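Coordinate inspection notes
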Amino acid sequence: MADIDIRRFRTTDRDWVVAQHGQHYAKAEGFDDTFAVLVGQIVDDFLRDHDPICEAGWIAWQGNRRIGSIFCVRLDDETAKLRLFLLTGDARGKGLGRRMLAVCTDFAQAQGYRQMKLWTHESHRAAGVLYAKTGWHLSSSRPVVSFGQHLVEQHWEKTVLPNTT
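Quick look at the structure, then. In this text the structure is predicted, and so the values were computed from the model without any measurement.

Some thoughts on helix α2 (residues 33-49)
Three or four residues apart is the spacing at which side chains of an α-helix point the same way, because the helix has 3.6 residues per turn. Helix length check: α2, at 17 residues, gives a terminal C-alpha distance of 24 Å against a target of 24 Å (1.5 Å per residue), a fit within 8%. Burial in α2 covers these residues: Phe 35, Val 39, Gly 40, Ile 42, Val 43 and Phe 46. End-on, the buried residues of α2 take up no more than an arc of 160°, which puts them together on one face. Residues of α2 that are exposed and angled more than 90 degrees away from the buried face: Asp 33, Arg 48 and Asp 49. Taken together, the buried residues of α2 touch α1 (14-29), β2 (56-62), β3 (65-76) and β4 (79-87).

Next comes the structure, spelled out in structure tokens:
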């Protein structure tokens, strides 16, 4: 993991983030093309409207290739939302997910957010285990039909103590 760099998201990362999410979830869970469309809208909204003071995205790199993404966006003055968290298959199981979560959480804390939220699906079991191990708690779940699949949508939350130093 020492040879992995995490740097800020750039406009040139847009197509990779959209393609990786679309390809991964199509293959792993049978999601239809509407998922990649949603990811594209999220990234485009971020590029157009984000406030760099209180919102950021990161890309994990190993050598000359991208292997992960994570974003922290503002929901309100006290709440940040974790979005677009993804690791490529060969990047999993090495502690990188925990490291990227820490980068995102540390950023939220430094910006004065008191809480973080995220939306995911129950089928993302490894992510759920990671969230639980890093202080997140499942706040709600419900069955849905999304992206051409029957899923259980989940909402997770985490209290973040703002950095007051």
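There's more to say after this.
Considerations on the sheet that holds strand β1 (residues 4-8)
Ordered in space as β1-β2-β3-β4-β5-β7-β6, the seven strands form an open sheet in which the pairing is mixed. With partners counted over all chains shown, the strands left at the sheet margins are β1 and β6 (137-146), one partner each. Averaged over all pairs of adjacent strands, the angle between their axes in this sheet comes to 20°, without regard to strand direction. Sheet analysis places β3 next to β4, joined by seven bridges and oriented antiparallel. Note that in β4 the partner of Gly 68 across the bridge is Leu 87. Running at roughly 70° to β4, α1 makes contact with β2, β3, β4 and β7 (149-159) of the sheet.

Things to note about the side chain of Gln 154
Assignment of secondary structure puts Gln 154 in strand β7. A residue is classified by how much of its surface remains accessible, and Gln 154, at 8% relative accessible area, is buried. One polar contact links Gln 154 to Trp 156, side chain to side chain, over a distance of 3.0 Å. If we ignore the near neighbours within four places in the chain, the residues touching Gln 154 are Leu 118, Trp 119, Thr 120, His 121, Glu 122, Leu 138, Ser 140 and Ser 141.

Topic: the pattern of salt bridges
Applying the stated criterion across every chain, the model contains 10 salt bridges. Its salt-bridge partner being Asp 13, residue Arg 66 comes within 2.7 Å of it at the nearest N-O pair. Taken together, the residues Arg 66 in strand β3 and Asp 13 in the loop between β1 and α1 connect sequence positions 53 residues apart. A salt bridge links Arg 65 to Asp 90, with the shortest nitrogen-to-oxygen separation between them at 2.3 Å. Taken together, the positions of Arg 65 in strand β3 and Asp 90 in the loop between β4 and α3 (96-110) put the pair 25 residues apart, joining distant regions of the chain. Here Asp 90 falls in the partly exposed class, since its relative accessible area comes to 39%. Via salt bridges that share partners, Arg 7, Asp 13 and Arg 66 belong to a single interconnected network.

Conventions used here
Residues numbered from 1 in each chain as written. Predicted model: local features only at pLDDT ≥ 70, side-chain atom pairs only at ≥ 80, totals over all residues. Heavy atoms only, no water. Helix = DSSP H or I, 4+ residues; strand = E, 2+ residues; numbered from the N terminus. Expected span 1.5 Å × (residues − 1). Buried < 20%, exposed > 50% of the residue type's maximum accessible area, 1.4 Å probe, protein only. Arc of directions from axis to C-beta. Contact = heavy atoms within 4.5 Å. Pairing = 2+ DSSP bridges. Axes fitted to C-alpha atoms, helices over the stretch in contact; angles between N-to-C directions. Polar contact = N/O pair within 3.5 Å; in protein donor to acceptor, adjacent residues only side chain to side chain. Salt bridge = Lys/Arg side-chain N within 4 Å of Asp/Glu carboxyl O.

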